[in-house]
Amino acid sequence: MNSGNPAGRGLARFADRLIAWARLPQAPALLCAVSFAESIFFPIAVDVMLVPMCAAAPRRMARLAALTTAFSMLGGLAGLMLGYLAIDALMPWIESLGWEDEYAEVESWYQQWGYWALVLAAFTPLPYKVFAISAGGLGMEIGAFLAASLVGRGLRFFLVGGLAAWLGPKVLRSIRYSDKLVWALAGLTLAVFALWWCL
């Protein structure tokens, strides 16, 4: 997270606030809300709440990861519906957020890989929200969308949550680098899949 400019510092402060929310009694409900919003428009990965919550309560990891997956998928489904119904009206908003390059890339990925493009976007820190909205604009079937989201989002959040639960409180020192953590997990998982496929 870039803190060398005002926008970066603002996001860093908000990430700190999310980490603080993770300690509140109502944290699970806030986690659900952030998971939903992050799949449509929210700029900060929900991992910054999920990681400290799983690190602090390892036995609740599966429930927290499941909640995060479910509400992230619901948010993605809302994005899909927006894409179905109003992609032309949303394009100026996408451009104003600087996502037009990502949207063009999404279209290219769909043409090449279809369903698997969304699985990858759902798993990695790539902008899942852009994939969800563009999936609607490109007419992706709801069943395929939900299946891809379940695989990608579920794999990501259970891996991240499981790693946080295993490492415990010491993982909090690297919470700001959650995107790097997810990219590392993505690379490791892809390497395992590639090895399994070759064998």
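All values reported here derive from a predicted model rather than from experimental measurement.

Is there a simple way to explain the overall build of the protein in this structure?
When its secondary structure is counted, the protein shows nine helices and zero strands. Counting from the amino terminus, the protein carries its helices and strands in the arrangement α-α-α-α-α-α-α-α-α. Across the 199 residues that make up the protein, the buried fraction comes to 44%. Taking as baseline every contact in the protein between residues at least 6 positions apart, the subset at least 24 positions apart corresponds to 75%. Only carbon and sulfur atoms are counted for the fraction: they give 66% of the accessible area of the protein, which is about 10300 Å².

Teacher, can you tell me more about the side chain of T68 here?
Of note, T68 is situated in helix 4 (residues 61–96). Engagement of the side chain of T68 in a polar contact is seen with the backbone oxygen of L64, the distance being 2.8 Å. If we ignore the near neighbours within four places in the chain, the residues touching T68 are L31, S35, V46, L50 and F157.

Where do I start with the pattern of salt bridges in this structure?
A side chain with one charge can pair with a side chain of the opposite charge if their charged atoms come near. Taken as a whole and judged by the stated rule, the model has two salt bridges. Residue D47 is joined to R156 by a salt bridge in which the shortest nitrogen-to-oxygen separation is 2.4 Å. With a gap of 109 residues between them, D47 in helix 3 (residues 47–56) and R156 in helix 8 (residues 142–167) connect regions that are remote in the sequence. The exposure classification of D47 matches that of R156, with both residues buried.

Teacher, can you tell me more about the nonpolar core here?
A general feature of soluble globular proteins is that nonpolar side chains tend to end up buried together. With 24 residues, the main nonpolar core has Y110, L118, F131 and F145 as its most contacted residues. Looking at this core, the elements that each hand over two or more residues are helix 4, helix 5 (100–113), helix 6 (115–123), helix 7 (128–137) and helix 8. Ranked by residues supplied to this core, first place goes to helix 7 with six residues. Counting 20 residues, the second largest nonpolar core, distinct from the first, contains V34, V46, C54 and A165.

Looking at this structure, how should I read a nonpolar patch on the surface?
A cluster of nonpolar residues, Y84, L85 and I142, forms a patch on the protein surface that exposes about 310 Å² of accessible area. Its place among the elements puts Y84 in helix 4.

In this structure, what is going on with the side chain of S149? I would like to understand it.
With respect to the helices, strands and loops of the structure, S149 is situated in helix 8. With relative accessibility at 0%, the residue S149 sits in the buried group. In this structure S149 touches M73, L118, A122, Y128 and G154, once residues within four positions along its chain are discounted.

Any chance you could explain helix 7 here in plain terms?
Counted residue by residue, helix 7 has nine buried out of 10 residues, so it is predominantly covered. Along helix 7, the positions that sit buried rather than exposed are Y128, K129, V130, F131, A132, I133, S134, A135 and G136. Those residues of helix 7 that are buried are in contact with helix 2 (27–38), helix 4, helix 5, helix 6 and helix 8. At the C-terminal side of helix 7, G139 shows a positive phi close to 80 degrees.

For this particular structure, what's the right way to read the packing of aromatic side chains?
What characterises a pair of aromatic rings is the spacing of the ring centres plus the angle enclosed by the ring planes. One pass over the structure, following the stated rule, counts one aromatic pair. Centre to centre, the rings of Y128 and F145 are 6.4 Å apart; their planes meet at 20 degrees, and the pair counts as stacked. In this pair, Y128 sits in helix 7 while F145 sits in helix 8, placing the two residues 17 residues apart along the sequence. The class for F145 is buried, based on a relative accessible area of 0%.

When you look at the environment of M81 in this model, what are you seeing that I'm missing?
In this structure, M81 sits in helix 4. The exposure class assigned to M81 is partly exposed, which follows from its relative accessible area of 29%. Sequence spacing of M81 and A132 is 51 residues, and the spatial spacing of their C-alpha atoms is 8.7 Å.

How each quantity is defined
Residues numbered from 1 in each chain as written. Predicted model: local features only at pLDDT ≥ 70, side-chain atom pairs only at ≥ 80, totals over all residues. Heavy atoms only, no water. Helix = DSSP H or I, 4+ residues; strand = E, 2+ residues; numbered from the N terminus. Buried < 20%, exposed > 50% of the residue type's maximum accessible area, 1.4 Å probe, protein only. Contact = heavy atoms within 4.5 Å. Areas by Shrake-Rupley, 256 points an atom, 1.4 Å probe, with all protein chains shown as cover. Polar contact = N/O pair within 3.5 Å; in protein donor to acceptor, adjacent residues only side chain to side chain. Salt bridge = Lys/Arg side-chain N within 4 Å of Asp/Glu carboxyl O. Core = buried A, V, L, I, M, F, W, Y, C linked by side-chain atoms within 4.5 Å. Patch = residues over 30% accessible without salt bridge, like charges linked within 9 Å, V, L, I, M, F, W, Y side chains within 5 Å. Phe/Tyr/Trp six-rings, centres within 6.5 Å; stacked < 30°, edge-to-face > 60°.

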